[in-house]
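Per-entry structural report
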Amino acid sequence: MDRDLIERARSGDQQAFADLVHQVSDTLYGVARRILRDPGLAEDVLQNALVTIWRKLPHLREVDRFDGWAFRILVTACYADAPRNRRWATTIRVLPVDRADDADDYRSISDRDELERAFRLLPLDQRAVFVLHHHVGLPLVAIAETLGIPDGTARSRLHYATRALRAAFDEAGTRGAQREGHLA
Amino acid sequence: MSDRQFERAVLDWLGDGSDRTPPAAIDGVLLAVKTTPQERDLRIPWRFTRMTTTMRLAAGIAIVAVLGVGALQLLGSGFSVGSKATPSPTTPPPPTQLPASELVPFTSAQYGYTISVIKGWGAVVATRTLHGTEPLYGNDPQINTPAGDSIMGGFDAIQKGPTGRLLIAGSPTPAGMNLGSWTAATTVAKCGTPTSQAAITIDGEAATLTTYFGGQACFGLSQQWVTVMHGGWAWNIVWIDNQGSETADAFFFQQILGTFRFGQVPASSPAPS
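Let me begin by describing the structure that accompanies this report. Only a predicted model underlies this, so the values are computations on that prediction, with no experimental measurement involved.

From N to C terminus, chain A includes 8 helices and 0 strands. Shown N-terminal to C-terminal, the secondary structure of chain A runs as helices and strands in the order α-α-α-α-α-α-α-α. Counting only residues that meet the buried cut, chain A has 49% of its 184 residues in that class. Contacts in chain A between residues far apart in sequence, at least 24 positions, make up 68% of those at least 6 positions apart. When the accessible surface of chain A is split by element, carbon and sulfur atoms take 51% of a total near 9,100 Å².

Right under this line is the structure:
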């Protein structure tokens with residue numbers, strides 16, 4: 001991250017902030033979209049988070065911690081906005097029908113659908129830890145620091161999320177095997 | 001299923017979709033930033049450990065002096081603090097950022113521009129182009145010329161609702177006119193002395209924002225006029241609303257102005273007979 005850009009934005013330079021937004025927005029949007037599973041809602045949350053980042057930038061003492069600080073504001077915005085927008089379950093994905101004859105593709109589609117369904121049932125705090133760990137690649141200690149929670153809490157949230165998704169994945173595998181048995 | 005298969009499936013699934021932020025979302029943020037002040041960092045750095053003895057002494061004298069003056073003022077006022085307590089002014093909550101998902105693009109068939117407006121708003125579209133400095137509306141701001149695209153939150157929104165009305169029209173730039181004279185001949189000629197004027201940009205073009213609020217209200221309504229030149233055309237983009245919601249109006253108007261994009265302008269229609 002460009003330290004100079006952050007420092008200038010922190011001192012009120014709107015052009016520097018605009019440049020900073022262009023640097024970080026895709027990453028933040030990607031995280032919000034994965035936690036919320038709704039691009040429109042993720043867009044709203046991203047906007048709120050970026051405006052909050054602008055407002056609170058003067059409070060950021062250590063420029064090197066900008067990334068974690070921004071993630072924290074984003075996740076907080078996810079927690080705040082998601083309950084007001086109960087429209088998560090409406091995303092429809094178009095699947096390529098000409099590939100559906102392939103058993104591997106069926107398996108892949110089935111896996112994804114099960115993972116999606118199971119993930120949407122998770123509480124937001126577990127989703128956030130899961131996405132920061134598996135998508136962003138943050139270690140648990142860094143996630144705990146970013147979200148301001150104890151290490152053990154971050155670990156247990158990841159554990160519960162992983163367990164639920166693993167159960168869904170195994171279930172999809174069992175159903176896939178049964179289906180192949182019926183087709184044989 | 002093995003752990004490796006599970007991890008691969010999770011990574012595949014998490015990797016789905018595009019992470020590219022929609023440009024309109026960024027535009028909205030940058031527009032909001034223009035009107036959103038940063039919070040002041042009120043923490044005082046504790047620096048006595050780095051100060052010299054002389055500086056500490058000077059700082060001590062200054063503190064004593066400030067406290068002394070404060071005490072004298074308190075005594076002079078007869079300890080009236082509390083008895084004459086004035087209510088602290090209440091500041092209205094800051095306007096809320098419009099969620100991008102609540103906006104829909106409107107593309108003008110007559111003029112080719114695009115602007116995002118709130119979902120569900122109605123539009124009465126222009127049936128011809130504006131001709132020179134012809135007024136955008138008559139003596140009643142609710143009745144615009146056929147040259148203006150009129151977009152609003154209901155046909156009686158000006159009289160009853162909190163939402164207002166957007167009027168947009170353009171004309172081939174009259175000979176010899178520039179932004180200043182176009183502003184004077186349309187905006188100021190219509191509404192008189194403005195409350196304020198500011199230089200802004202619309203889709204990268206230099207523009208003027210002229211506001212009529214409070215005592216300068218135009219036809220009893222608060223109005224914000226944007227005048228801008230682009231592609232050999234001169235434009236009016238006007239926001240009209242009831243008085244009393246100027247702060248929210250300015251915030252909203254600036255947000256949607258950030259989404260305005262010029263398009264391909266068709267040939268101008270014949271002058272009205």
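Now for helix α2 (residues 14-36) of chain A. Residues and elements named next belong to chain A. The end-to-end C-alpha separation of α2 is 29 Å, well short of the 33 Å expected for 23 residues at 1.5 Å each. Along its length, α2 shows its largest kink, about 45 degrees, at V24. Sitting at the head of α2, D13 places a side-chain oxygen 3.0 Å from the backbone nitrogen of Q15. Trailing α2 by a residue or two, R37 shows a phi angle of about 60 degrees, which is positive.

Note on interface size: it is often stated as the accessible area lost on association of the parts. Each partner contributes to the interface: chain A provides 48 residues, whereas chain B provides 40 residues. Across the chain A/chain B interface, buried area totals approximately 3,800 Å², and carbon plus sulfur atoms make up 57% of it. Interface area lost by chain A to chain B is led by A:Q47, A:R112 and A:R166, which between them contribute 16%. The tally of links from chain A across to chain B stands at 6 salt bridges.

Thresholds applied
- Residues numbered from 1 in each chain as written.
- Chains lettered and ligands numbered in written order.
- Predicted model: local features only at pLDDT ≥ 70, side-chain atom pairs only at ≥ 80, totals over all residues.
- Heavy atoms only, no water.
- Helix = DSSP H or I, 4+ residues; strand = E, 2+ residues; numbered from the N terminus.
- Buried < 20%, exposed > 50% of the residue type's maximum accessible area, 1.4 Å probe, protein only.
- Contact = heavy atoms within 4.5 Å.
- Areas by Shrake-Rupley, 256 points an atom, 1.4 Å probe, with all protein chains shown as cover.
- Expected span 1.5 Å × (residues − 1).
- Bend = angle between axes of the 7 residues up to and from the residue.
- Polar contact = N/O pair within 3.5 Å; in protein donor to acceptor, adjacent residues only side chain to side chain.
- Buried area = accessible area lost by both parts, 1.4 Å probe.
- Salt bridge = Lys/Arg side-chain N within 4 Å of Asp/Glu carboxyl O.

From the geometry alone we can't say anything about function, so treat these as descriptive.
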